[in-house]
Amino acid sequence: MPELPEVETTRRGIEPFALGRKIVRLAVHEPRLRWPVAKKLAHEVRGLRIRAVGRRAKYLLLELDTGTLILHLGMSGSLCVVPATTPRRAHDHVDIVLDSGQTLRFNDPRRFGSLHYTRGVVAEHPLLAKLAPEPFDASFNADYLCRISRKRRVAVKLLLMNSQLVVGVGNIYASEALFRAGIRPKRQARSITRAEAVRLVGAVRTVLRAAIRAGGTTLRDYVDVDGAPGYFSQKLFVYERDGQACRVCATAIRHFNQGQRSSYYCPTCQK
DNA sequence: ATGGGCACCTGGCTGC
DNA sequence: TGCAGCCAGGTGCCCA
């Protein structure tokens with residue numbers, strides 16, 4: 001579920017509670033996540049201090065004294081800060097108990113999330129090593145986009161969602177960015193003109209920034225650290241708005257399936 | 001190398 | 001009311 005804005009909202013939410021805190025105990029109540037949580041992980045991080053709370057793509061990174069915890073929220077995951085005495089609820093899989101008496105509690109009904117610990121250079125971890133630039137990085141620009149897409153026949157929306165081109169853009173924000181750039185999701189990547197590439201890079205950044213400002217998008221179950229929803233759903237132009245009037249030109253928004261995912265666009269605003 | 005499809009899992013909604 | 005069927009913010013992997 002969570003795309004970059006939701007993960008970034010979570011990062012900012014836990015940072016004030018986590019930074020500088022020592023991990024008293026890490027309890028894995030359900031190790032069957034996307035990959036089984038390593039048995040030795042809890043023992044490895046016990047007593048270590050959280051030196052930084054970072055993010056790379058959709059991964060949350062808790063930098064500890066001697067390594068990094070790598071947490072992915074999957075499709076339905078969320079992280080809350082609660083007093084350690086708070087009773088667990090369904091799908092509360094991991095507790096990171098801090099020396100403040102609070103715990104970072106990971107909840108994930110679908111269990112597509114993951115938790116790893118690495119003592120090595122985190123950027124070289126197999127999950128992170130092949131990731132493309134961050135959308136706000138200067139290296140993600142129109143030249144780069146043109147170069148990558150030049151020979152690609154794949155639909156531009158699928159390319160946007162490919163973490164080897166740019167990270168953090170999932171199904172919601174790919175549709176939204178393409179709307180803002182005036183480009184139909186079905187267009188072959190190689191048909192994107194330079195002017196369109198300029199617009200698309202700008203649109204990706206604008207929509208992600210706006211979504212972060214709104215605390216992310218809650219469609220079904222995403223909540224932030226305080227259990228509150230994100231408000232960007234009110235500002236979506238096309239996502240899950242099929243049949244409704246385009247907010248710009250009033251044409252009915254259309255919907256179709258693309259790569260086993262739903263895509264939405266305005267047939268008038270997008271060419 | 002590229003692109004397409006599947007798998008992993010639970011819960012909520014729709015329609016019979 | 002019950003239940004089958006379908007859908008959902010991700011992404012690694014296997015195959016052609």
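It should be emphasised that the depicted structure is a prediction, and the values quoted were computed from it without experimental measurement.

A. Region of the structure containing the overall build of chain A. Looking only at helices and strands, one finds 6 helices and 10 strands in chain A. Here the C-alpha radius of gyration of chain A, 20 Å, is about what a compact globule of 271 residues would show, namely 18 Å. Referenced to the eigenvectors of the C-alpha coordinate spread, the extents of chain A come out at roughly 55 × 35 × 30 Å. A burial count over chain A gives 40% of its 271 residues as buried.

B. How the structure looks around the sheet that holds strand 7 (residues 102-107). Strand order across the open sheet formed by 4 strands is 1-6-7-5, with antiparallel pairing between neighbours. The sheet is open, and its two borders are formed by strand 1 (23-28) and strand 5 (78-83), each paired with just one other strand. Between one strand axis and the next, the sheet turns through 20 degrees on average, direction left out of account. Across 5 bridges, the pairing between strand 6 (residues 92-98) and strand 7 is antiparallel. Bridge pairing in strand 7 links Asp92 to Asn107. Relative to strand 5, helix 1 (residues 4-18) is tilted by about 30 degrees, and along the sheet it contacts strand 5, strand 6 and strand 7.

C. Just the domain arrangement of chain A, in detail. Here chain A is described as being made up of domain 1 (4-124) and domain 2 (142-265). A separation of 28 Å is found between the C-alpha centroids of domain 1 and domain 2. The interface is formed by 15 residues belonging to domain 1 together with 19 residues belonging to domain 2. Of all elements in the fold, only helix 1 and strand 5 reach the threshold of two or more residues within the side of domain 1 that touches domain 2. It is helix 1 that contributes the most residues to the side of domain 1 that touches domain 2, 8 residues altogether. Among the residues forming the side of domain 1 that touches domain 2, the class breakdown is 7 nonpolar, 5 polar and 3 charged.

D. Structural view of the protein's contact with DNA strand B. Looking at DNA strand B, the residues that line it are Ala90, Pro109, Arg110, Arg111, Phe112, Arg152, Arg153, Val154 and Gln260. Among the residues forming the surface near DNA strand B, the class breakdown is 4 nonpolar, 1 polar and 4 charged.

E. Expanded view of the pairing of strand 7. Counting buried positions along strand 7 gives 6 out of 6 residues, so the element sits mostly inside the fold. The side-chain alternation of strand 7 yields two buried faces, one formed by Gln102, Leu104 and Phe106 and the other by Thr103, Arg105 and Asn107. Sheet analysis places strand 5 next to strand 7, joined by 6 bridges and oriented antiparallel. By the bridge assignment for strand 7, Pro83 is matched with Gln102. Taking the residues between adjacent antiparallel strands as the criterion, strand 6 and strand 7 are bridged by 3 residues, where Gly101 takes a positive phi near 95 degrees.

F. Molecular detail of helix 5 (residues 171-181). For helix 5, the tally of buried residues reaches 10 of 11 residues, placing the bulk of the element in the interior. For helix 5, every residue scored as buried is listed here: Ile172, Tyr173, Ala174, Ser175, Glu176, Ala177, Leu178, Phe179, Arg180 and Ala181. Close packing links the buried residues of helix 5 with helix 4 (156-160), helix 6 (194-213) and strand 10 (261-265). After helix 5 finishes, the residue Gly182 shows a positive phi value of roughly 75 degrees.

G. Representation of unusual backbone geometry in the model. Even without a glycine there, the phi angle at Arg111 is positive, about 55 degrees. Along the polypeptide, Arg111 turns up in the loop between strand 7 and strand 8 (114-118).

H. Quick look at the sheet that holds strand 2 (residues 50-56). The strand order across the open sheet built from 4 strands is 2-3-4-8, with neighbouring strands paired in antiparallel fashion. Of all the strands in the sheet, the pair left with one neighbour each is strand 2 and strand 8. With strand direction ignored, the average angle separating the axes of adjacent strands in the sheet is 20 degrees. The sheet contact formed by strand 3 (residues 59-64) and strand 4 (residues 68-72) spans 5 bridges and is antiparallel. Across the sheet, Leu61 pairs through a bridge with Ile70, a residue of strand 4. Contacts from helix 1 reach strand 2 and strand 3, with the element oriented near 175 degrees to strand 2.

Rules of the game
Residues numbered from 1 in each chain as written. Chains lettered and ligands numbered in written order. Predicted model: local features only at pLDDT ≥ 70, side-chain atom pairs only at ≥ 80, totals over all residues. Helix = DSSP H or I, 4+ residues; strand = E, 2+ residues; numbered from the N terminus. Rg over C-alpha atoms; globule rule 2.2 N^0.38 Å. Buried ≥ 20, exposed ≤ 12 C-beta atoms within 10 Å, placed from the backbone. Pairing = 2+ DSSP bridges. Axes fitted to C-alpha atoms, helices over the stretch in contact; angles between N-to-C directions. Contact = placed C-beta atoms within 7 Å. Domains from an automatic or database assignment. Nonpolar A, V, L, I, M, F, W, Y, C, P; charged D, E, K, R; others polar. Near = placed C-beta within 6 Å.

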